[in-house]
Amino acid sequence: MSIHIRQLRRGAEAEFVSGLEWLFDPPGSRPSDWDRDRAFERTAQVLDHEDVALFEARSDQDQLVGVASVYLDILSVRFGRRASIEDLAVHPRWRSRGVGTSLLTAARAWAHDYGANYVFLESGVARTDAHRFYLREGATHAASAFRWTAQHLGSGWYDPANQ
């Protein structure tokens, strides 16, 4: 069994989105605002950016078995250029068979080739198996991530006219 990793191009949006939905299997869950059509549109949008790469993993039989996305996102004053692996999803029946390692290797190599000094990956707290995998792959558990959704962002505190 071998895994073939390719960078996605236009026309593969539907398969990429289908792969993302593997993240909804336990211990994950489907986000309440998940919209496949919006996900297709966003996938098409990111494929147009040179600072984003989407990868697919395929079996010898050309079955989609995993997907990953990596973004060059910020230039940190403290750490330099950061790349973020936003999505890493493996078909449930293909987990623990090298797919995740192959995708992670491709995403990290792409980030390095495009000037990243480090790679950031955020993972849900319930994904303890994934956390063990990331640690085995050489990651350090360096931070806790927090987020605010749109309804909690607020507005009005910043007035650019006062700058």
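Conventions used here
- Residues numbered from 1 in each chain as written.
- Predicted model: local features only at pLDDT ≥ 70, side-chain atom pairs only at ≥ 80, totals over all residues.
- Heavy atoms only, no water.
- Core = buried A, V, L, I, M, F, W, Y, C linked by side-chain atoms within 4.5 Å.
- Buried < 20%, exposed > 50% of the residue type's maximum accessible area, 1.4 Å probe, protein only.
- Helix = DSSP H or I, 4+ residues; strand = E, 2+ residues; numbered from the N terminus.
- Contact = heavy atoms within 4.5 Å.
- Axes fitted to C-alpha atoms, helices over the stretch in contact; angles between N-to-C directions.
- Parallel < 35°, antiparallel > 145°, perpendicular 65-115°, else oblique.
- Left-handed = near helix turned anticlockwise from the far one by under 90°.
- Salt bridge = Lys/Arg side-chain N within 4 Å of Asp/Glu carboxyl O.
- Polar contact = N/O pair within 3.5 Å; in protein donor to acceptor, adjacent residues only side chain to side chain.

Notes on the nonpolar core
Most often, soluble globular proteins keep nonpolar side chains buried together rather than apart.
Reasoning step 1: Within the largest apolar cluster, 23 residues are counted, with the highest numbers of intra-cluster contacts made by Phe55, Val70, Leu88, Val99, Leu103 and Trp110.
Reasoning step 2: Taken together, the elements giving at least two residues each to this core come down to strand E2 (52-58), strand E3 (64-76), strand E4 (80-90), helix H3 (99-113) and helix H4 (128-136).
Reasoning step 3: No other element matches H3, which puts seven residues into this core.
Reasoning step 4: One finds Trp22, Val52, Val67 and Ala89 within the second-largest nonpolar core, a separate group that totals 12 residues.

Structural notes on the environment of valine 52
Reasoning step 1: Note that valine 52 resides in strand E2.
Reasoning step 2: Considered as a pair, valine 52 and tryptophan 110 are 58 residues apart in the sequence and their alpha carbons are 9.4 Å apart.
Reasoning step 3: The residues contacting valine 52, other than those within four sequence positions of it, are Gln7, Val46, Val70, Tyr71 and Trp110.

Section: the packing of helix H1 (residues 13-20) against helix H2 (residues 36-47)
Reasoning step 1: Where H1 meets H2, the closest approach of the two axes is 9 Å, and the angle between their N-to-C directions is 120°. In terms of orientation, H1 and H2 fall into the oblique class. Handedness of the H1/H2 crossing: right-handed. Each of Glu13, Ala14, Phe16, Val17 and Ser18 in H1 lies in contact with H2, whose residues at this interface are Arg36, Ala39, Phe40, Thr43, Ala44 and Leu47.

A short note on the pattern of salt bridges
Reasoning step 1: Taken as a whole and assessed by the stated rule, the structure comprises 11 salt bridges.
Reasoning step 2: Note that glutamate 56 is salt-bridged to arginine 6, the shortest N-O span being 3.0 Å. Of this pair, glutamate 56 sits in strand E2 while arginine 6 sits in strand E1 (residues 4-7); the two residues are 50 residues apart in sequence, bridging distant segments of the chain.
Reasoning step 3: By relative accessible area, arginine 6 is classed as partly exposed at 37%.
Reasoning step 4: Glutamate 56 serves as the salt-bridge partner of arginine 58, at 3.2 Å between the closest nitrogen and oxygen.
Reasoning step 5: Relative accessible area serves as the criterion here: at 8%, glutamate 56 is assigned to the buried category.
Reasoning step 6: Among the ionic contacts, a cluster of salt bridges with common partners joins Arg6, Glu15, Glu56, Arg58 and Asp62.

Here's the deal with the side chain of threonine 43
Reasoning step 1: With respect to the element layout, threonine 43 can be found in helix H2.
Reasoning step 2: A polar side-chain atom of threonine 43 sits 2.8 Å from the main-chain carbonyl oxygen of alanine 39.
Reasoning step 3: Beyond its immediate sequence surroundings of up to four residues, threonine 43 is in contact with Glu13, Phe16, Val17 and Leu54.

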